[in-house]
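# Descriptive structure summary
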Amino acid sequence: MVNIAVLVSGGGTNLQALIDAAPYENGTLALTLSSSPDAYALTRAAKAGIETLTLAPKDYPDREAYTAAVVDALQSRGVGLVVMSGFMFILSPLFAQTFAGRALNVHPALIPAFCGKGFYGLRVHQAALSAGVKVTGATVHFVTAGADEGPIIAQKAIDVLPQDTPETLQRRVMELCERPLLTAAVRALCAAQTP
């Protein structure tokens, strides 16, 4: 059985989608790790009976020390698959090296568009609208040392509507692209594991 950890920083709507899609063949949601003690995702996890842990970056001297603490927390719980779901901290290369091929991220754009450092939250959707693109969507990819640079697992596109605002576009991308892509990717990666 693969222990799945979900790394979060905010509301946890994608975490809730993962909870709602359970159970997973050969996988179980074992840990929700947050970078913020105020993240509502922790409440969602606790209600679902998932262990919660908060590790705040401000409590560590630098990115390397914080990453080491995150890696230690995951390894000590036997985590085999890590899902980055709105985790608002870029970890050092140690994380990607330790969980190579076992960590995935969901990004609210069609990579390679509107991705990398500085592209998160509403900024991604504002950039898409400002660029005048006609389609956008979401990407699930493996995590590597570079932000949003890992191999793409799956993508899903939707049309950008003339009346879209960053907020309406964010909501539609989340509901129609991010959640189905993320749950399908986790399901497939767990099912591929030897029981």
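In short, a report on the structure. These numbers were taken from a predicted model, which means no experiment stands behind them. (Residues numbered from 1 in each chain as written. Predicted model: local features only at pLDDT ≥ 70, side-chain atom pairs only at ≥ 80, totals over all residues. Heavy atoms only, no water.)

Right, let's talk about the overall build of the protein chain for a bit. Regarding its fold elements, the protein chain presents six helices and seven strands. Taking 16 Å as the expected radius of gyration for a compact globule of 195 residues, we find that the protein chain reaches 16 Å, a close match to that expectation. On the principal axes, the C-alpha backbone points of the protein chain span a range of 50 × 40 × 30 Å. Looking at the protein chain residue by residue over its 195 residues, the buried ones come to 48%. Counted over contacts in the protein chain with a minimum sequence separation of 6, partners at least 24 positions apart contribute 65%. Total accessible area computed for the protein chain in this model is approximately 8,900 Å², and 55% of it derives from carbon and sulfur atoms. (Helix = DSSP H or I, 4+ residues; strand = E, 2+ residues; numbered from the N terminus. Rg over C-alpha atoms; globule rule 2.2 N^0.38 Å. Buried < 20%, exposed > 50% of the residue type's maximum accessible area, 1.4 Å probe, protein only. Contact = heavy atoms within 4.5 Å. Areas by Shrake-Rupley, 256 points an atom, 1.4 Å probe, with all protein chains shown as cover.)

As a further point, take the pairing of strand S1 (residues 2–8). With six of its seven residues buried, S1 lies for the most part within the structure. Note that S1 and strand S2 (residues 27–34) share seven bridges and pair parallel. Each residue of the ladder has a partner; that of Val 6, found in S2, is Thr 32. A crossover links S1 with its parallel partner S2, the connecting element being helix H1 (residues 13–21), and its sense is right-handed. (Pairing = 2+ DSSP bridges. Right-handed = clockwise from strand over helix to strand, strands pointing away.)

Okay, the packing of helix H5 (residues 122–131) against helix H6 (residues 166–191) next. Between two packed helices, what matters for the description is the angle formed by their axes and the separation of those axes. Their axes nearest at 9 Å, the elements H5 and H6 cross at an angle of 110 degrees. Taken together, H5 and H6 sit at an angle that is classed as roughly perpendicular. Crossing geometry of H5 relative to H6 is assigned as right-handed. Packed against H5, whose contacting residues are Leu 122, His 125, Gln 126, Ala 128 and Leu 129, the element H6 presents Pro 166, Glu 167, Leu 169, Gln 170 and Val 173 at the interface. When the residues that make up the contact of H5 with H6 are grouped by side-chain class, the tally is six nonpolar, three polar and one charged. (Axes fitted to C-alpha atoms, helices over the stretch in contact; angles between N-to-C directions. Parallel < 35°, antiparallel > 145°, perpendicular 65-115°, else oblique. Left-handed = near helix turned anticlockwise from the far one by under 90°. Nonpolar A, V, L, I, M, F, W, Y, C, P; charged D, E, K, R; others polar.)

Let us look at helix H3 (residues 63–76). Since there are 3.6 residues in each turn of an α-helix, residues three or four apart along the chain are aligned in direction. Across its 14 residues, H3 extends 20 Å between first and last C-alpha, which sits within 8% of the 20 Å expected from 1.5 Å per residue. On the buried face of H3, the contacting elements are S1, S2, strand S3 (51–54), strand S4 (79–84) and helix H4 (93–98). Where H3 begins, the capping side chain belongs to Asp 62, and its oxygen is found 3.3 Å from the backbone nitrogen of Glu 64. After H3 finishes, the residue Gly 78 shows a positive phi value of roughly 65 degrees. (Expected span 1.5 Å × (residues − 1). Polar contact = N/O pair within 3.5 Å; in protein donor to acceptor, adjacent residues only side chain to side chain.)

The mixed open sheet is built from seven strands, whose spatial order is S3-S2-S1-S4-S5-S6-S7. Looking along the sheet, the strands with just one partner apiece sit at the ends: S3 and strand S7 (152–159). Between one strand and the next, the sheet's axes are offset by a mean angle of 20 degrees, whatever the strand orientation. Alignment of S4 against strand S5 (residues 103–107), held across three bridges, turns out to be parallel. Residue pairing for S5: Val 82 is matched across the bridge by Ala 103. Strands S1, S2 and S3 of the sheet are contacted by helix H2 (residues 40–47), whose axis makes an angle of about 160 degrees with S3.

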